[in-house]
Amino acid sequence: MLQEHFFSCSGLSGSYEKLEIPPDDLPDWMDRWQEHQLDGFNVTIPYKIQMLASMKRISPEADFIGAVNTVLVKSDGLYGENTDSYGFIAPLSPEVKASLAGADVVVLGAGGACRAVAYALLKKGVKNITFWIRNPERAQATLQLVQSMNRYLRDGEAGLFLKTTLEPAELVTARMLVNTTPVGMSPNIEAMPLDANCISSLPENALVYDLIYNPLETRLLKASRERGLVTCDGLDMLIYQGARAFTHWTGAALTTEDLQAARPLLLNAMSFPVKH
Ligand code: NAP
């Protein structure tokens, strides 16, 4: 649906189809990449990390994030990209993007998506990122990748902190709170990744961003909106990461209007639950 919309906007012909490849068949499918006659493909969980090993070239972004979600088929092999980082940051207004320089950001979770978020935040010049995690051992791999990004992008100048509990002091200076956990996602739409009291600790100018797009307004976003905070759901991230992949494959640039038109199309197609 999304890629078909982009084909139509750019006047190009092409198709984008879902291929379900069982894990045991993937090595053989990857070995025969030339036979499939594709210009490119997306990769979803659980193959995003495994895909790195099959790439002829990997962009610095995909390398630092440690995952490939977009593959370009070139004559000499497969090129791996990661468009999640762009997808995360691109929907934000120029004012919000500019305000991230020197800002404190709190990120809930430390899994795959969090790495793309951290890459984008470091590129924007944030001062500190505090990761709220439930399991320090599982968060270590992400922390190490984010530390390497920090050295590469910023000469290690951003402060990176792992916390298993969030104190109001960590929230009172936060310019942005980002939920990268699946907590609150359908069907568990009543769940909140952090206590409602934490939302009251955020400053008035804080933006609350939830990567979840089903439901569109999670309980976290609803509570934040009711407190008067600006919120951002995950649907535009989905659209922008897809648009970036489309441009990688075709070289065609999409306009802001093309991207904005994708949102109602997806909302119609996906019939999200609206009840909270
Ligand atoms: P992931 O790799 O499984 O990471 C999830 C993170 O959340 C891990 O740190 C995990 O901690 C933590 N977590 C899971 N359940 C939790 C709970 N009950 N309480 C506290 N922490 C919990 O998943 P992902 O790929 O990063 O995706 C995360 C979310 O982002 C999903 O909802 C996904 O749909 C969304 N997403 C959206 C977009 C978009 O385009 N909008 C793109 C990518 C992802 P442990 O390690 O301890 O399990």
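Presented here is a report on the structure given in the accompanying data block. (Residues numbered from 1 in each chain as written. Predicted model: local features only at pLDDT ≥ 70, side-chain atom pairs only at ≥ 80, totals over all residues. Heavy atoms only, no water.)

**Observations concerning helix α7 (residues 136-154)**
Along α7, the sharpest change in direction is near 25 degrees and occurs at T142. Of all the positions in α7, only A139, T142, L143, V146, M149, N150 and R154 are classed as buried. A positive phi of about 60 degrees marks D155, the residue just after α7. (Bend = angle between axes of the 7 residues up to and from the residue. Helix = DSSP H or I, 4+ residues; strand = E, 2+ residues; numbered from the N terminus. Buried < 20%, exposed > 50% of the residue type's maximum accessible area, 1.4 Å probe, protein only.)

**Looking at the environment of W29**
Secondary-structure assignment places W29 in helix α2 (residues 26-31). On a C-alpha basis, the gap between W29 and V178 in space is 36 Å, while along the polypeptide they are 149 residues apart. Setting aside residues up to four positions removed in sequence, W29 forms contacts with L19, I21, H36, L38 and F41. (Contact = heavy atoms within 4.5 Å.)

**Brief notes about the sheet that holds strand β4 (residues 77-81)**
Sheet strands line up and pair through hydrogen bonds in the backbone, either parallel or antiparallel. Spatially, four strands are ordered β1-β3-β4-β2 in an open sheet, and the strand pairing comes out mixed. Of all strands in the sheet, those bounded by a partner on one side alone are β1 (40-42) and β2 (57-58). Seen against the sheet, helix α11 (residues 235-250) touches β1, β3 (70-74) and β4 and runs at an angle of roughly 5 degrees to β3. (Pairing = 2+ DSSP bridges. Axes fitted to C-alpha atoms, helices over the stretch in contact; angles between N-to-C directions.)

**What to know about the pattern of salt bridges**
Overall, the coordinates contain 10 salt bridges when judged by the stated rule. Here R32 makes a salt bridge to D28, at a shortest N to O gap of 3.3 Å. Residue R32 is classed as partly exposed on the basis of its relative accessible area, which comes to 32%. The partner of K222 in a salt bridge is E226, with the nearest N and O atoms 3.4 Å apart. Here K222 pairs with E226, and both are found in helix α10 (residues 219-226), just four residues apart, close to one helical turn. Through salt bridges with shared partners, a single ionic network connects D28, R32 and E35. (Salt bridge = Lys/Arg side-chain N within 4 Å of Asp/Glu carboxyl O.)

**Some thoughts on unusual backbone geometry**
A negative phi angle is the norm for most residues apart from glycine, just as the trans form is the norm for most peptide bonds. The linkage connecting I45 with the following residue, P46, adopts the cis geometry, with an omega of 15 degrees. Within the fold, P46 resides in the loop between β1 and β2. Each neighbour pair has its own omega, and for S186 with P187 the value is 10 degrees, a cis peptide bond. Looking at the secondary structure, you find P187 in the loop between β8 (174-179) and α9 (196-201). Backbone geometry at Q37 places phi at a positive 55 degrees, although glycine is not the residue there. If you trace the backbone, Q37 turns up in the loop between α2 and β1. Non-glycine residue D155 carries a positive phi angle of around 60 degrees. On the secondary structure map, D155 appears in the loop between α7 and β7 (159-163).

Everything listed here is a matter of coordinates, which is why it stays silent on function.
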